[in-house]
Amino acid sequence: MAKLEIENFEAFRALEGKSLPEGNWITVSQEMINDFAKATGDHQWIHVDVEKAKKHSPFKKPVAHGFMSVSMLSKLLEDLIKIKSVKMGVNYGLNKVRFPCPVLVDSRLRLVGSIAHIEEYGDKGLKVIWNCTVEIKGNDKPACVAEFISLMFS
């Protein structure tokens, strides 16, 4: 999938209500899960203890943290779209988040989504509400469904 490149906010506004291209598949490795555990301090065995997960988890392998999939949204969006005039972007928050299906180690994820709403923010900014679904390859249920909000400044 080629990244969608937009010149400026004016061109970006024309995408409101439209779908984004589908993202590339990325594999969630045990190393990624372990790094997320280190960053958050959440070392629950279902995430980081491979042997115990094989024996005691109903999934028979480690499961990524639910918040790991939502934390990936910024990067997954960045891989899909670039607005050339943007000098800075920040996460503003989330309106809705659900984790319908666990992400097992070695699962492949991708982002599909749309631009739900765009509004002015200050003199040189936009507030964008993104509808995001993090799909799991081979699974009918997604890893994460979120209404994600970002601010961008030119």
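Residues numbered from 1 in each chain as written. Predicted model: local features only at pLDDT ≥ 70, side-chain atom pairs only at ≥ 80, totals over all residues. Heavy atoms only, no water.

Participant: Give a detailed account of the overall build of the chain, specifying residues and quantitative values.
Facilitator: Scanning the chain from terminus to terminus reveals six helices and seven strands. Along the chain, from the amino end to the carboxyl end, the secondary structure elements read β-α-β-α-α-α-α-α-β-β-β-β-β. Among the 154 residues that make up the chain, the fraction classed as buried is 38%. Long-range pairs, those at least 24 residues apart, make up 71% of the contacts in the chain with a sequence separation of at least 6. Counting only carbon and sulfur atoms, one obtains 51% of the accessible surface of the chain, whose full area is about 8,600 Å². Taking the 21 positively charged and 19 negatively charged side chains of the chain as two groups, their mean positions are separated by 4 Å. (Helix = DSSP H or I, 4+ residues; strand = E, 2+ residues; numbered from the N terminus. Buried < 20%, exposed > 50% of the residue type's maximum accessible area, 1.4 Å probe, protein only. Contact = heavy atoms within 4.5 Å. Areas by Shrake-Rupley, 256 points an atom, 1.4 Å probe, with all protein chains shown as cover. Lys, Arg positive; Asp, Glu negative; His and termini not counted. Charge placed at Lys NZ, Arg CZ, Asp CG, Glu CD.)

Participant: Which residues make up the nonpolar core, and what are the values?
Facilitator: Judged by nonpolar contacts, the single largest core of 36 residues is most densely connected at F12 and W130. For this core, the secondary structure elements donating two or more residues are helix 1 (9-13), helix 2 (30-40), helix 5 (66-71), helix 6 (73-80), strand 3 (81-83), strand 5 (108-121), strand 6 (125-136) and strand 7 (144-153). The element that contributes the greatest number of residues to this core is strand 6, accounting for six residues. The contacts of W130, once residues within four sequence positions are left out, are F12, L20, L77, I81, S114, I115, A116, A146, E147, F148, S150 and M152. (Core = buried A, V, L, I, M, F, W, Y, C linked by side-chain atoms within 4.5 Å.)

Participant: I'd like to hear about the sheet that holds strand 5, residue by residue, with values.
Facilitator: Taken in spatial order, the five strands line up as 2-5-6-7-4 in an open sheet, and their pairing is antiparallel. What marks the edges here is a single partner per strand, and that holds for strand 2 (26-27) and strand 4 (88-98). Relative to strand 6, strand 5 runs antiparallel, the two being bridged by twelve bridges. Residue L111 lies in a different strand from strand 6, and its bridge partner there is V134. Across the face of the sheet, helix 6 comes into contact with strand 2, strand 4, strand 5, strand 6 and strand 7 while running at roughly 100° to strand 6. (Pairing = 2+ DSSP bridges. Axes fitted to C-alpha atoms, helices over the stretch in contact; angles between N-to-C directions.)

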